[in-house]
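# What the coordinates show
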Amino acid sequence: PLCHQLTFEQVVEYTFLADFDLLRHATREDISQHPWASPAARAAMDQYFRVCHAEEEIKCLNVEVRRIITYLRDEDRYLKACIAQLQVSHPPLAYQAQLHHNVRARFTNHHLRLLTEIANLCGF
């Protein structure tokens, strides 16, 4: 007979191995009695995998920080170039583009400062 398929939401609700009746009854032995099934062992394993995942996440974030810095700088240069071109061909549109740039620049400078601080951290 086919086993009942669990949804993601159901799996998330089951925080302890003892909640998985499927594992307890589908095998020939009661795995809840193994040393690795104890609450302390589960907590240690959870902590270990959180640290492993955090190390992976730091590597990804180091790349993303560089990408965001590059994007913000490129966007600023692009908007300035567009405004310069529009000054000649369409001054009213250039004015609107300048207003947009002014709003973006307020936040861009703040974010670049914070991202630069991150980039200067040890281990980056």
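Cut-off values and rules
Residues numbered from 1 in each chain as written. Predicted model: local features only at pLDDT ≥ 70, side-chain atom pairs only at ≥ 80, totals over all residues. Heavy atoms only, no water. pLDDT = per-residue confidence, 0-100. Helix = DSSP H or I, 4+ residues; strand = E, 2+ residues; numbered from the N terminus. Salt bridge = Lys/Arg side-chain N within 4 Å of Asp/Glu carboxyl O. Buried < 20%, exposed > 50% of the residue type's maximum accessible area, 1.4 Å probe, protein only. Expected span 1.5 Å × (residues − 1). Contact = heavy atoms within 4.5 Å.

## Looking at the confidence of the model for the chain
The predicted model of the chain has a mean per-residue pLDDT of 83, with 78% of residues at 70 or higher. By mean pLDDT, helix α2 (residues 21–26) is the weakest element of the chain at 55, and helix α4 (residues 91–119) is the strongest at 93.

## Topic: the pattern of salt bridges
Under the criterion given, the structure shown has five salt bridges. A salt bridge links glutamate 75 to arginine 104; its shortest N-O distance comes to 2.9 Å. Taken as a pair, glutamate 75 in helix α3 (residues 39–89) and arginine 104 in helix α4 lie far apart in primary sequence, 29 residues in all. You can call glutamate 75 buried: its relative accessible area is 15%. We classify arginine 104 as partly exposed; its relative accessible area is 33%.

## As for α4
Three or four residues apart is the spacing at which side chains of an α-helix point the same way, because the helix has 3.6 residues per turn. Taking 1.5 Å as the rise per residue, α4 with 29 residues should run 42 Å; its terminal C-alpha atoms sit 39 Å apart, in good agreement. Within α4 the residues assigned to the buried category are Ala94, Ala97, His101, Ala105, Thr108, Leu112 and Leu115. Against the buried residues of α4 lie α3.

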